[in-house]
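The lines below spell out each chain.
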2 protein chains.
Amino acid sequence: MATVTYINSFEVPPGRDEDFLALWTEVNAYMRKQPGYLSHRLHRSLGSDARYRYVNVVQWESVDRWQDAHGEEFRAIVTRPGQHVFASLPGMYEVVNDGQAA
Amino acid sequence: MATVTYINSFEVPPGRDEDFLALWTEVNAYMRKQPGYLSHRLHRSLGSDARYRYVNVVQWESVDRWQDAHGEEFRAIVTRPGQHVFASLPGMYEVVNDGQAA
């Protein structure tokens with residue numbers, strides 16, 4: 001089975017980390033329960049001047065599973081009144097080359 | 001030991017994949033021999049309209065090791081006369097949260 005990798009990069013201004021992580025944690029808790037979710041790694045930039053200070057890399061079983069996870073329940077979480085929307089750059093990828101140290 | 005994650009996203013126009021992969025493969029072969037390199041995954045976008053069609057995610061032992069790997073020999077590879085330069089968005093990250101399916 002060829003899995004897919006969803007990479008979502010977030011623009012989080014310095015000082016907004018707490019707000020971002022609260023929302024991200026809630027979305028992540030939801031995603032982890034969805035069929036097809038395999039694993040994730042959330043990365044934070046070591047420097048404060050990166051355009052995308054957070055990058056989430058998530059393995060899914062398939063594009064279809066990932067799409068199914070973005071239904072009404074998901075939208076309800078991210079569109080609550082007063083919810084700050086962090087700009088993001090989402091994309092769906094496949095691994096075409098990997099390797100590790102000998 | 002806290003490792004670091006280097007994420008480099010590349011703008012590769014459709015049709016330029018062969019040129020990009022030739023250069024990337026050469027740089028990767030060099031990097032894999034450097035002290036501190038741990039592993040990598042090169043991702044290619046499933047859609048052709050992504051801004052960043054390739055995203056390389058690389059684990060290094062430390063920022064210092066990564067910096068040491070970007071010396072003269074590296075520059076000689078990427079600055080050859082006639083070498084096309086692919087625009088990229090590089091950043092150094094740390095993993096702040098990870099998990100997997102139950």
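Heads up: the structure comes first, above all this text.
For the structure given in this document, a descriptive report is provided here. (Residues numbered from 1 in each chain as written. Chains lettered and ligands numbered in written order. Predicted model: local features only at pLDDT ≥ 70, side-chain atom pairs only at ≥ 80, totals over all residues. Heavy atoms only, no water.)

Attention now moves to the pattern of salt bridges. Scanning the entire structure with this criterion turns up 12 salt bridges over all chains. Residues Asp17(A) and Arg53(A) are paired through a salt bridge, measuring 2.9 Å at the closest nitrogen-oxygen approach. Taken together, the residues Asp17(A) in helix 1 (residues 17-31) and Arg53(A) in the loop between strand 2 (37-45) and strand 3 (54-60) connect sequence positions 36 residues apart. According to the relative accessible area criterion, Asp17(A) is buried, its value standing at 18%. As a salt-bridge pair, Arg65(B) and Glu61(B) come within 3.9 Å of each other at their nearest N and O atoms. For Glu61(B), a relative accessible area of 26% puts it in the partly exposed group. (Salt bridge = Lys/Arg side-chain N within 4 Å of Asp/Glu carboxyl O. Helix = DSSP H or I, 4+ residues; strand = E, 2+ residues; numbered from the N terminus. Buried < 20%, exposed > 50% of the residue type's maximum accessible area, 1.4 Å probe, protein only.)

With 34 residues of chain A in contact, the opposing surface of chain B contributes 35 residues. Taking both partners together, chain A and chain B bury about 2900 Å²; carbon and sulfur atoms supply 58% of that area. Summed over the shared surface of chain A and chain B, the number is two salt bridges. Close ionic contact of Glu94(B) with Arg44(A) constitutes a salt bridge, the shortest N to O distance being 3.3 Å. (Contact = heavy atoms within 4.5 Å. Buried area = accessible area lost by both parts, 1.4 Å probe.)

Moving on to the pairing of strand 1 (residues 4-10) of chain A. Residue and element names in this part refer to chain A. Counted residue by residue, strand 1 has seven buried out of seven residues, so it is predominantly covered. Of the two faces of strand 1, the one carrying Val-4, Tyr-6, Asn-8 and Phe-10 and the one carrying Thr-5, Ile-7 and Ser-9 are both buried. For strand 1 and strand 3, the ladder comprises seven bridges, and the chain directions are antiparallel. Bridge pairing in strand 3 places Ile-7 opposite Val-57. Two strands pair when backbone bridges link them, and strand 1 and strand 4 (residues 88-100) are joined in this way by six bridges, in the antiparallel orientation. Within strand 4, the residue paired with Asn-8 across the bridge is Pro-90. (Pairing = 2+ DSSP bridges.)

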